[in-house]
Amino acid sequence: MTGSRASRPSWDEYFMSITFLVAGRSTCLRRKVGAVLVKERRILATGYNGAPTGLKHCLDIGCLREQQGVPSGERHELCRALHAEQNVIIQAARHGIPIAGSVLYCTNLPCIICTKMLINAGVHTVCYSKGYADSLSRDMLAEAGVELLKLNK
C-alpha cells in the first residue's frame, strides 16, 4: 500500500473537484458556476447557476444579458438565472439543513450579492478556484471575518 496515499486527494481537492462537476449542470451560456456547502467533511447541499425551477433556461431561449449587452459583473438583476451560491443556500433551506459554520466550495469567487447572503447565512469559510472582478466582495468577507481561500484546480 506504499505510495497510494500520494494519489489520494486532500479534502479541499476532493470538494473542489465535486464543485466543478456540479458546475457542469449549469445552464448559463456565459459562465458555468458550481457551489458545494460542506460541514465536518460532509456535503450539505449543492447548487449551480440556472433559471428557477420550472422556468425556461438560457440554453433554451438565449442569454438576456448578452441580448442587452450587459458586461460581466454588472446589473446582476438583469438575468434569468440564480447564482450557484444562491441555489446552494436555497437548497439547504428547502430541505431544512442548517448551514451556519459551514464551508463553501465554489468554482468562482462569489459576487457581492451572494457574499452578503453567505455572510448572513453564517458560512465561515469560502474556498474558490477562479477570481471574479468584485473587490467589494473580498472586502466584505474580510470585514465579516469569513476566511477566503483560493485553491488551485
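As the structure is a computational prediction, the values presented were derived from the model and not from experiment.

Caption draft 1: Expanded view of the nonpolar core. Within the largest apolar cluster, 21 residues are counted, with the highest numbers of intra-cluster contacts made by Ala35, Leu37, Val88, Leu104, Leu118, Val123 and Val126. Those elements that provide at least two residues to this core are strand S1 (34-39), helix H4 (84-94), strand S3 (103-108), helix H5 (112-121) and strand S4 (125-130). Beyond its immediate chain neighbours, meaning those up to four positions away, Leu104 contacts Ala35, Val36, Leu37, Glu85, Val88, Pro110, Leu118, Val123, Thr125, Val126 and Cys127. In terms of nonpolar packing, the next biggest core, distinct from the first, is built from ten residues, Ile18, Val38, Val103 and Cys127 among them.

Caption draft 2: Broad picture of the packing of aromatic side chains. As enumerated under the stated definition, the model contains four aromatic pairs in all. With centroids separated by 5.8 Å and ring planes inclined at 85°, the aromatic side chains of Trp11 and Tyr14 adopt a geometry described as edge-to-face. Of the two residues, Trp11 and Tyr14 both sit in helix H1 (residues 11-23), three residues apart, roughly one turn of that helix. According to the relative accessible area criterion, Trp11 is partly exposed, its value standing at 36%. Consider the rings of Trp11 and Phe15, whose centres lie 5.7 Å apart with planes at 20°: the pair is stacked. Linking Trp11 with Phe15, this pair stays in helix H1, spanning four residues, or about one helical turn.

Caption draft 3: The sheet that holds S3, seen in detail. One open sheet accounts for five strands, arranged S2-S1-S3-S4-S5; its pairing is mixed. Taken across any chain shown, the strands that pair with only one partner, and hence form the sheet edges, are strand S2 (42-48) and strand S5 (147-150). The sheet shows a mean angle of 20° between the axes of neighbouring strands, direction not considered.

Caption draft 4: A look at the packing of H4 against H5. As a packed pair, H4 and H5 sit with axes 9 Å apart at the nearest point and diverge in direction by 30°. Compared by their axis directions, H4 and H5 come out roughly parallel. Handedness of the H4/H5 crossing: left-handed. Across from Glu85, Gln86 and Ile89 in H4, the residues of H5 making contact are Ile113, Cys114, Met117 and Leu118. Per-class residue counts for the contact of H4 with H5 are five nonpolar, one polar and one charged.

Rules behind the numbers
- Residues numbered from 1 in each chain as written.
- Predicted model: local features only at pLDDT ≥ 70, side-chain atom pairs only at ≥ 80, totals over all residues.
- Heavy atoms only, no water.
- Core = buried A, V, L, I, M, F, W, Y, C linked by side-chain atoms within 4.5 Å.
- Buried < 20%, exposed > 50% of the residue type's maximum accessible area, 1.4 Å probe, protein only.
- Helix = DSSP H or I, 4+ residues; strand = E, 2+ residues; numbered from the N terminus.
- Contact = heavy atoms within 4.5 Å.
- Phe/Tyr/Trp six-rings, centres within 6.5 Å; stacked < 30°, edge-to-face > 60°.
- Pairing = 2+ DSSP bridges.
- Axes fitted to C-alpha atoms, helices over the stretch in contact; angles between N-to-C directions.
- Parallel < 35°, antiparallel > 145°, perpendicular 65-115°, else oblique.
- Left-handed = near helix turned anticlockwise from the far one by under 90°.
- Nonpolar A, V, L, I, M, F, W, Y, C, P; charged D, E, K, R; others polar.

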